[in-house]
Amino acid sequence: MELGRCARSFVRLGAVLLVLAAAAGVWEMLAMQIPSSQYRVGVLPGPVAQLREMAVVLGLSAFAAAWLLPWIAPDREPWPLCVGVHVGAVVTLGAMVYGATTGMYGVQIYDPRPDSQILFVVRWIGQGILGICLLDFARRILFRRAPR
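Everything quoted here is computed from the prediction, not taken from an experiment.

Caption draft 1: Looking closely at the overall build of the protein chain. From N to C terminus, the protein chain includes four helices and zero strands. Reading the secondary structure of the protein chain in the N-to-C direction produces α-α-α-α. Principal axes of the C-alpha set define a box for the protein chain whose edges measure 65 × 30 × 20 Å. Out of the 148 residues in the protein chain, the part that is buried amounts to 35%. Across the protein chain, contacts joining residues at least 24 apart in sequence account for 72% of those joining residues at least 6 apart. A total of about 9000 Å² of accessible surface is found on the protein chain, and carbon and sulfur atoms cover 69% of it. Taking the 13 positively charged and 8 negatively charged side chains of the protein chain as two groups, their mean positions are separated by 6 Å.

See the structure below:
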């Protein structure tokens, strides 16, 4: 079975996200060291753990999407869905990387730090894009035409 360009881009996205998850796992381990350790990095481990978990989930989901893509769109490749998933993943994980470096989760609706609300909005815009893409993917699976 030969994968189309859209499915190959999902495989590449999944591989990149799993590498990001591995790097975040190392970062989280270094963030969890005791304060007197020479290996400790000075960030909170919670936002880094969120980043790692999101990267793993999105990476494995990208592999599953690449596997299902020929089945849900046998006639032509769904480029809006492909672009939407990539944009949503970049926006969401970019916001989470920024949050991990600054010690913010990005889930506080009100926070006195000025960049916290911007982080909240950007992160949830990215997750909203991913949610819309997930609904479109589910629609394509549930309501696809019977094979000819």
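Next comes the rest of the write-up.
Caption draft 2: Highlighting the packing of helix α2 (residues 45–72) against helix α4 (residues 114–142). At their nearest, the axes of α2 and α4 sit 12 Å apart, and the two run at 25 degrees to each other. By the angle between their directions, the pair α2 and α4 is classed as roughly parallel. In this structure, the crossing between α2 and α4 has a hand that is left-handed. Contacts between α2 and α4 involve Q50, M54, L58, A65, L68, L69, W71 and I72 on the former and, on the latter, R123, Q127, L130, F137, R140 and I141. Split by residue class, the contact of α2 with α4 holds 10 nonpolar, two polar and two charged.

Caption draft 3: Highlighting the packing of α2 against helix α3 (residues 79–102). Where α2 meets α3, the closest approach of the two axes is 9 Å, and the angle between their N-to-C directions is 170 degrees. Viewed along their axes, α2 and α3 adopt a mutual orientation that is roughly antiparallel. In contact with P47, V48, Q50, L51, M54, A55, L58 and I72 of α2, α3 contributes L81, A89, T92, L93, M96, V97, G99 and A100. Residue classes in the contact of α2 with α3 are distributed as 13 nonpolar, three polar and no charged.

Caption draft 4: The nonpolar core, seen in detail. Counting 28 residues, the largest nonpolar core has F10, L58, L69, V85 and L93 as the members making the most contacts within it. Setting aside residues no more than four positions away along its own chain, L93 makes contact with L17, L20, L51, M54, A55 and L58.

Caption draft 5: Seen up close, the pattern of salt bridges. This structure, assessed with the given rule, holds five salt bridges. The partner of R140 in a salt bridge is D136, with the nearest N and O atoms 3.0 Å apart. Here D136 and R140 lie together in helix α4, a separation of four residues that amounts to about one turn. Through salt bridges with shared partners, one network takes in E28, R52 and E53.

Caption draft 6: Layout of the side chain of S9. With respect to the helices and strands, S9 occurs in helix α1 (residues 5–31). Beyond its immediate stretch of four places on either side in the chain, S9 contacts C82 and H86.

Parameters at a glance
Residues numbered from 1 in each chain as written. Predicted model: local features only at pLDDT ≥ 70, side-chain atom pairs only at ≥ 80, totals over all residues. Heavy atoms only, no water. Helix = DSSP H or I, 4+ residues; strand = E, 2+ residues; numbered from the N terminus. Buried < 20%, exposed > 50% of the residue type's maximum accessible area, 1.4 Å probe, protein only. Contact = heavy atoms within 4.5 Å. Areas by Shrake-Rupley, 256 points an atom, 1.4 Å probe, with all protein chains shown as cover. Lys, Arg positive; Asp, Glu negative; His and termini not counted. Charge placed at Lys NZ, Arg CZ, Asp CG, Glu CD. Axes fitted to C-alpha atoms, helices over the stretch in contact; angles between N-to-C directions. Parallel < 35°, antiparallel > 145°, perpendicular 65-115°, else oblique. Left-handed = near helix turned anticlockwise from the far one by under 90°. Nonpolar A, V, L, I, M, F, W, Y, C, P; charged D, E, K, R; others polar. Core = buried A, V, L, I, M, F, W, Y, C linked by side-chain atoms within 4.5 Å. Salt bridge = Lys/Arg side-chain N within 4 Å of Asp/Glu carboxyl O.

Note that all results are geometric; they support no functional claim without further evidence.
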